[in-house]
Amino acid sequence: VEIRNFMALLQISEPGQSPDPHQRRIAVGIDLGTTHSLVAAVRNGVSECLPDAQGRVLLPSVVRYLANGGRQIGYDAVAAQAQDARNTIASAKRFMGRGLKDVAEAGKLPYDFVVANDAGAGGMVSLATVDGNKSPVEISAEILATLRY
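Criteria and thresholds
- Residues numbered from 1 in each chain as written.
- Predicted model: local features only at pLDDT ≥ 70, side-chain atom pairs only at ≥ 80, totals over all residues.
- Heavy atoms only, no water.
- pLDDT = per-residue confidence, 0-100.
- Helix = DSSP H or I, 4+ residues; strand = E, 2+ residues; numbered from the N terminus.
- Contact = heavy atoms within 4.5 Å.
- Pairing = 2+ DSSP bridges.
- Axes fitted to C-alpha atoms, helices over the stretch in contact; angles between N-to-C directions.
- Core = buried A, V, L, I, M, F, W, Y, C linked by side-chain atoms within 4.5 Å.
- Buried < 20%, exposed > 50% of the residue type's maximum accessible area, 1.4 Å probe, protein only.
- Patch = residues over 30% accessible without salt bridge, like charges linked within 9 Å, V, L, I, M, F, W, Y side chains within 5 Å.
- Areas by Shrake-Rupley, 256 points an atom, 1.4 Å probe, with all protein chains shown as cover.
- Salt bridge = Lys/Arg side-chain N within 4 Å of Asp/Glu carboxyl O.

A. Region of interest: the confidence of the model for the protein chain. Taken as a whole, the protein chain shows an average pLDDT of 84; of its residues, 79% reach a score of 70 or greater. Ranking the elements of the protein chain by mean pLDDT puts strand β1 (residues 26-31) last, at 84, and strand β5 (residues 62-65) first, at 97. When the criterion is pLDDT under 50, residues 1-7 qualifies, and its contacts beyond four places in sequence or with other chains add up to 1 contact.

Here it is as structure tokens:
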């Protein structure tokens, strides 16, 4: 038995401006993964992962926040993880939409969890860093912003 995975891309157009079905287009997809993220494109029906400047197609889903407001993302953040674990957030996606009671063994993780008091956060945890409290959504946005370049 052969099982194949197919990814269908939906083409959306403005009303009355249906695209020419024979026109060649490029579709791009971003996968924000818990441990690694990537960007892929479909060109002329062939999908391929897009490499970074060093030829790597996977970006570790890790962000390190610096005291001066700077950030290290991906491989640079992983390299600093052992020396600055509190400010180097890995697998932030695991905390998305979760309260502190939902985070398994939070006391064993190197992070300082903060419970947001504003109603918009819905009790979701944030992580205290030298650059202020960061929600899992903000951390994930840093990774996505890096992938788009």
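Read on for the rest.
B. Geometry of the pairing of β1. In the sheet, β1 pairs with strand β2 (residues 36-43) via 6 bridges, with the strands oriented antiparallel. Looking at the pairing, Val28 lines up with Ala41 of β2. As consecutive antiparallel partners, β1 and β2 are separated by 4 residues.

C. Region of interest: the sheet that holds β5. An order of β6-β5-β7 is seen for the 3 strands of this open sheet, with the pairing classed as antiparallel. Only two strands of the sheet have a single partner each, and these edge strands are β6 (71-73) and β7 (88-90). Strand after strand, the sheet turns through a mean of 15 degrees between neighbouring axes, direction not considered. Both β5 and β6 contribute to a ladder of 3 bridges, which runs antiparallel. Looking at β6, one finds that Val63 is bridged to Ile73. Seen against the sheet, helix α2 (residues 136-147) touches β5, β6 and β7 and runs at an angle of roughly 110 degrees to β5.

D. Structural context of the nonpolar core. Membership of the largest hydrophobic core comes to 21 residues, with the highest contact counts inside it found for Ile89, Phe95, Tyr111, Phe113, Leu127, Ile139 and Ile143. Once residues lying within four places of it in the same chain are set aside, the contact partners of Ile143 are Leu32, Ser37, Leu59, Ser61, Val62, Val63 and Ile73.

E. Unusual backbone geometry, seen in detail. Positive phi values are uncommon outside glycine, yet Ser91 reaches one of about 55 degrees. With respect to the element layout, Ser91 can be found in the loop between β7 and β8 (112-115). Phi at Glu105 is positive, roughly 50 degrees, even though this residue is not glycine.

F. Representation of the pairing of strand β3 (residues 46-49) within the structure. Sheet topology places β2 next to β3; 4 bridges connect them, and they run antiparallel. Bridging from a neighbouring strand, Ala41 pairs with Glu48 of β3.

G. Broad picture of a nonpolar patch on the surface. There is a patch of nonpolar side chains on the surface, built from Ile26, Val28, Ile30 and Leu144 and spanning about 370 Å² of accessible area. At 3 residues, the largest contribution of residues to the nonpolar patch is made by β1. With respect to the helices, strands and loops of the structure, Ile30 is situated in strand β1.

H. A look at the pattern of salt bridges. Tallied over the full model, the rule gives 8 salt bridges. As a salt-bridge pair, Asp52 and Arg56 come within 3.1 Å of each other at their nearest N and O atoms. A residue is classified by how much of its surface remains accessible, and Arg56, at 32% relative accessible area, is partly exposed. Of the charged contacts in the structure, one is a salt bridge between Asp131 and Arg71, with a shortest N-O distance of 3.3 Å. Of this pair, Asp131 sits in the loop between β9 (125-129) and β10 (132-134) while Arg71 sits in strand β6, and the two are 60 residues apart along the sequence. With relative accessibility at 23%, the residue Asp131 sits in the partly exposed group. Residue class for Arg71 comes out partly exposed when judged on its relative accessible area of 33%. It is possible to trace a salt-bridge network through shared partners that takes in Arg71, Asp131, Lys134 and Glu142.

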